[in-house]
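A look at the structure
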Amino acid sequence: MAFEITSSAFRHNGSIPRQHTCEGADSPPPLAWTGIPENTRSLALIVDDPDAPDPQAPEGTYVHWVLYNLRPVPTVLGPDLPPGALEGTNDWNRIGYGGPCPPIGRHRYFFKLYALDTILPDLQAPTKARLEEAMEGHIIARKDLIGTYEKAGR
């Protein structure tokens, strides 16, 4: 079975439901993974938007969630974080999930799941860059799930 990340809330390249955005409850969508590579000791998840601030003229990537030390089992991430999982700092300078909230246009949101050959130390609410640095040399595999979102009335 191939390494995959999916969501019961939206399909790959599909629209992220409003409840998982700044216009709704701003709760993370449910996520699931299958086909965990052999020798995986932990998983990391980075959710970001490469279309910020305007998909017609992107200037940078906006980070929505930094999560690491997820256990490979169970294979579902619901509203509550499992024991041992640690969160980092998003680009709102908050720890945890910050849902899609594009200022203009339909943006793409990449849910990037990494299989790691190690359990990382507590990185003290790392940024995306700090987590990527800590993962360097430990990534076994990566899979992406892409969702899209555009604010209502835009």
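This text goes with the structure placed above it.
All values reported here derive from a predicted model rather than from experimental measurement. (Residues numbered from 1 in each chain as written. Predicted model: local features only at pLDDT ≥ 70, side-chain atom pairs only at ≥ 80, totals over all residues. Heavy atoms only, no water.)

So, the overall build of the protein chain
Note the following rule: Think of it this way: any DSSP run of H or I at least four residues long counts as a helix, any run of E at least two long counts as a strand, and we number them from the N terminus. In this description the radius of gyration comes from C-alpha coordinates, and the expected globular size is given by 2.2 Å times residues to the power 0.38. For this analysis, residues touch if any pair of their heavy atoms sits within 4.5 Å. Asp and Glu are treated as the negative residues and Lys and Arg as the positive ones, with His and the ends of the chain left uncounted. Taken as the charge centre is NZ of Lys, CZ of Arg, CG of Asp or CD of Glu, depending on the residue.
The secondary structure content of the protein chain amounts to 1 helix and 9 strands. Secondary structure elements in the protein chain, listed N-terminal to C-terminal, are β-β-β-β-β-β-β-β-α-β. On C-alpha atoms alone, the protein chain measures out to a radius of gyration of 15 Å, which is about the 15 Å that the 2.2 N^0.38 rule sets for 154 residues. In terms of overall dimensions, the protein chain has a C-alpha envelope of 45 × 30 × 25 Å along the principal axes. For the protein chain, the proportion of contacts with a sequence separation of at least 24, taken over those separated by at least 6, is 71%. Side-chain charges of the protein chain comprise 14 positive and 19 negative groups, with the mean position of each set lying 4 Å from the other.

Considering the packing of aromatic side chains
Working definition: an aromatic ring pair is given by the centre-to-centre distance plus the angle between the planes. How we decide: Between the rings of Phe, Tyr and Trp (Trp by its six-membered ring), a pair exists once the centres lie within 6.5 Å; its type follows the angle of the planes, with under 30 degrees stacked, over 60 edge-to-face, and the other angles tilted. Exposure categories follow from relative accessible area, calculated using a 1.4 Å probe and restricted to protein chains: below 20% of the type maximum is buried, above 50% is exposed, and the middle band is partly exposed.
Going through the model one piece at a time under the given rule, you end up with 3 aromatic pairs. Geometrically, the ring pair formed by Phe10 and Phe111 is tilted, given 5.6 Å between the ring centres and 50 degrees between the ring planes. Taken together, the residues Phe10 in the loop between strand E1 (4-6) and strand E2 (14-15) and Phe111 in strand E8 (residues 107-116) connect sequence positions 101 residues apart. On the basis of relative accessibility, which here comes to 6%, the residue Phe10 falls in the buried class. Relative to Trp92, the ring of Tyr62 lies with its centre 5.0 Å away and its plane at 75 degrees, an arrangement referred to as edge-to-face. With Tyr62 in strand E5 (residues 60-70) and Trp92 in the loop between strand E7 (86-87) and E8, this residue pair connects regions lying 30 residues apart in the sequence.

Topic: empty space enclosed by the protein
Summary: where empty space remains is shown by rolling a probe the size of a single water molecule over the atoms. What counts here: For each structure, a 1 Å grid was placed over the protein atoms alone; sets of points admitting a 1.4 Å probe that cannot get out are labelled cavities, open sets with protein on both sides within 12 Å along at least five of seven lines are labelled pockets, and lining residues have an atom within 4 Å of a point. Grid points are joined across faces, edges and corners, and a volume is the space filled by probe spheres set on the points. Here the nonpolar group is Ala, Val, Leu, Ile, Met, Phe, Trp, Tyr, Cys and Pro; Asp, Glu, Lys and Arg are the charged ones; every other residue, Gly included, is treated as polar.
Counted under the stated rule, the structure contains 1 cavity of 30 Å³ or more. Considered as a void within the structure, the largest cavity measures approximately 30 Å³ in volume. What lines the largest cavity is Trp33, Leu70, Arg71, Pro74, Val76, Leu77 and Pro82. Of the residues contributing to the lining of the largest cavity, the split by class is 6 nonpolar, no polar and 1 charged.

Section: the sheet that holds strand E6 (residues 76-77)
Rules: Here the rule is simple: two strands pair whenever DSSP picks up at least two bridges between them.
Read across the sheet, 3 strands follow the order E1-E3-E6 without closing on themselves; strand pairing throughout is antiparallel. Of all strands in the sheet, those with a lone pairing partner are E1 and E6, marking the two edges. Pairing analysis gives 3 bridges linking E1 to strand E3 (residues 31-34), with the strands arranged antiparallel. Looking at E3, one finds that Thr6 is bridged to Ala32.

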